[in-house]
Amino acid sequence: MEETMLAWARQVAERELSAALPRRWAHSQGVATRASGLGPALAGDAELLCAAAVLHDVGYAPRLAETSFHPLDGARFLRDEHGADERLVRLVANHSFALLEAEERGLRATLESEFPLLEEPLLVDALVYCDMTTTPDGEQTTAEERVAEIVGRYGADSLVGRFIRRASPGISAAVARVDAALAGQPR
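These lines cover the structure that appears in this document, whether it is placed above or below. Because the structure is predicted, anything quoted here is derived from the model rather than measured.

## Side note on the overall build of the protein chain
Then, number 1: In terms of helices and strands, the protein chain carries eleven helices and zero strands.
Then, number 2: Scanning the protein chain from its N terminus toward the C terminus, one meets helices and strands in the order α-α-α-α-α-α-α-α-α-α-α.
Then, number 3: For the protein chain, whose C-alpha radius of gyration is 15 Å, the value lies close to the compact-globule estimate of 16 Å for 187 residues.
Then, number 4: Across its three principal axes, the protein chain shows a C-alpha extent of roughly 45 × 35 × 30 Å.
Then, number 5: Each of the 187 residues in the protein chain was classed as buried or not, and the buried ones make up 49%.
Then, number 6: A sequence separation of at least 24 residues applies to 65% of the contacts in the protein chain between residues at least 6 apart.
Then, number 7: Accessible surface, the protein chain as shown: approximately 8600 Å² in total, 52% of it carbon and sulfur.
Then, number 8: Each charge class in the protein chain can be summarised by its mean position, and for the 19 positive and 29 negative side chains these summaries are 3 Å apart.

In structure tokens form, the structure reads like this:
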């Protein structure tokens with residue numbers, strides 16, 4: 001029997017994160033759980049979203065951290081070591097407004113050229129929604145609380161603090177769009 005994309009993604013993420021970064025693994029599992037609830041709004045892309053959700057932070061794994069920019073490191077790992085689905089790789093590379101953080105790091109041109117943003121707005125927004133409404137411990141939260149937590153953890157003037165404050169309006173808009181899409185689904 002052929003392994004599903006989601007089963008494979010869970011195995012890869014667990015292998016890379018669970019022992020080395022258990023809190024990051026808890027967050028990734030929480031993001032995947034959140035994604036599993038969005039299936040009806042995404043029709044045929046529900047499994048892809050769940051796979052991207054569980055893998056979105058795989059680039060934090062110490063053995064993969066070549067640039068210290070986890071979206072790029074994770075996407076390269078998935079592409080180069082696993083030959084993963086291109087859409088999955090591009091979602092991981094660009095999750096949660098990664099282009100803005102890449103810009104802060106001087107890596108925007110690299111990220112854009114290697115992994116162009118998917119032109120599938122609801123799918124991109126859905127991954128933002130799942131990531132930015134899940135705490136570091138894998139619990140549900142609001143996007144506003146999550147942004148505040150990130151700023152508090154890294155500091156307002158840090159690279160990540162600057163990035164997340166710049167991304168905050170886009171995060172809020174993405175969450176609102178997904179909430180609207182979910183509200184339009186039959187119950």
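## Description of the packing of aromatic side chains
Then, number 1: Tallied over the full model, the rule gives zero aromatic pairs.
Then, number 2: Positioned over the ring face of Y60 is R24, at 3.7 Å from the centre of the ring.

## Structural notes on the environment of P116
Then, number 1: Mapped onto the fold, P116 is located in the loop between α8 (108-114) and α9 (121-132).
Then, number 2: The partly exposed category is assigned to P116, whose relative accessible area is 35%.
Then, number 3: Each C-alpha atom of the pair P116 and V89 lies 10.0 Å from the other, and the pair is 27 residues apart in sequence.
Then, number 4: Look past the residues within four positions of P116 in its chain and what remains in contact with it is R90, N94 and L111.

## Notes on the side chain of H56
Then, number 1: Mapped onto the secondary structure, H56 falls in the loop between α4 (46-55) and α5 (70-82).
Then, number 2: Looking at H56, its side chain comes within polar contact range of the side chain of D131, at 3.2 Å.
Then, number 3: Excluding residues that lie within four positions of it along the chain, H56 makes contacts with H27, S28, V31, H70, V92, H95 and D131.

## Side note on the nonpolar core
Then, number 1: The biggest cluster of nonpolar side chains holds 61 residues, and the ones touching the most others in it are L49, L55, L78, L88, L111 and I171.
Then, number 2: Among all residues touching L49, those that are not within four sequence positions of it are A35, L38, L42, L123, A126, L127 and C130.

## Points about the environment of S36
Then, number 1: Mapped onto the fold, S36 is located in helix α2 (residues 22-36).
Then, number 2: Distance in space between the C-alpha atoms of S36 and E47 is 8.1 Å, their sequence separation being eleven residues.
Then, number 3: A polar atom in the side chain of S36 sits 2.6 Å from the backbone oxygen of T33.

## Notes on α2
Then, number 1: Between its first and last C-alpha, α2 extends 21 Å over 15 residues, near the 21 Å set by a 1.5 Å rise per residue.
Then, number 2: Those residues of α2 not exposed but buried are R24, W25, H27, S28, G30, V31, A32, R34 and A35.
Then, number 3: Structurally, α2 contributes buried residues whose contacts are with α1 (5-17), α3 (39-42), α4, α9 and α10 (143-154).

## Notes on the pattern of salt bridges
Then, number 1: Per the stated rule, a full pass over the model turns up 20 salt bridges.
Then, number 2: With a shortest N-O distance of 3.2 Å, R90 and E86 are connected by a salt bridge. Separated by four residues within a single helix, R90 and E86 lie in helix α6 (residues 86-93), roughly one turn from each other.
Then, number 3: A relative accessible area of 16% means that R90 is categorised as buried.

## Details of the environment of E145
Then, number 1: Relative to the elements of secondary structure, E145 occurs in helix α10.
Then, number 2: With ten residues separating them in the primary sequence, E145 and T135 have C-alpha atoms 8.8 Å apart.
Then, number 3: Engagement of the side chain of E145 in a polar contact is seen with the side chain of T141, the distance being 2.7 Å.

What counts and what doesn't
- Within each chain, residue numbers correspond to sequence positions counted from 1 in written order.
- Where totals are concerned, whole chains, interfaces and linings use all residues; where local detail is concerned, this predicted model gives features only for residues with pLDDT of at least 70, and gives and counts side-chain atom pairs only at 80 or more.
- Hydrogens and water molecules were not included; the side-chain quantities draw on all heavy atoms of the structure.
- Starting at the N terminus, helices and strands are each numbered in turn, a helix being any DSSP run of H or I of at least four residues and a strand any DSSP run of E of at least two.
- Radius of gyration here uses only the C-alpha atoms, and the compact-globule reference equals 2.2 Å multiplied by the residue count raised to the power 0.38.
- Burial classes: relative accessible area under 20% of the type maximum marks a residue as buried, over 50% as exposed, and values in between as partly exposed (1.4 Å probe, protein chains only).
- We call two residues contacting when some pair of their heavy atoms lies within 4.5 Å.
- The accessible surface values rely on the Shrake-Rupley method and a 1.4 Å probe; as for residues, cover is taken only from the protein chains in view.
- Residues scored as charged are limited to Lys and Arg (positive) and Asp and Glu (negative), so that His and the chain ends carry no count.
- Note that the charge is assigned to NZ on lysines, CZ on arginines, CG on aspartates and CD on glutamates.
- For this analysis, a ring pair means two rings from Phe, Tyr or Trp (six-membered ring only for Trp) whose centres lie within 6.5 Å, classed as stacked if their planes differ by under 30 degrees, edge-to-face if by over 60, and tilted for the remaining angles.
- Consider the ring centre and the ring normal. A charge sits over the ring if Lys NZ or Arg CZ is within 6 Å of that centre and within 35 degrees of that normal.
- Side-chain atoms alone can form a polar contact between residues adjacent in sequence; in general such a contact is a pair of N or O atoms within 3.5 Å, and within protein one must be able to donate a hydrogen while the other accepts it.
- Residues belong to one nonpolar core when they are buried, are Ala, Val, Leu, Ile, Met, Phe, Trp, Tyr or Cys, and are joined through side-chain atoms within 4.5 Å.
- One less than the number of residues in a helix, times 1.5 Å, gives the span that helix is expected to have.
- Salt bridge, as used here: a side-chain nitrogen of Lys or Arg that lies within 4 Å of a carboxyl oxygen of Asp or Glu.

Nothing here speaks to function; it is geometry throughout.
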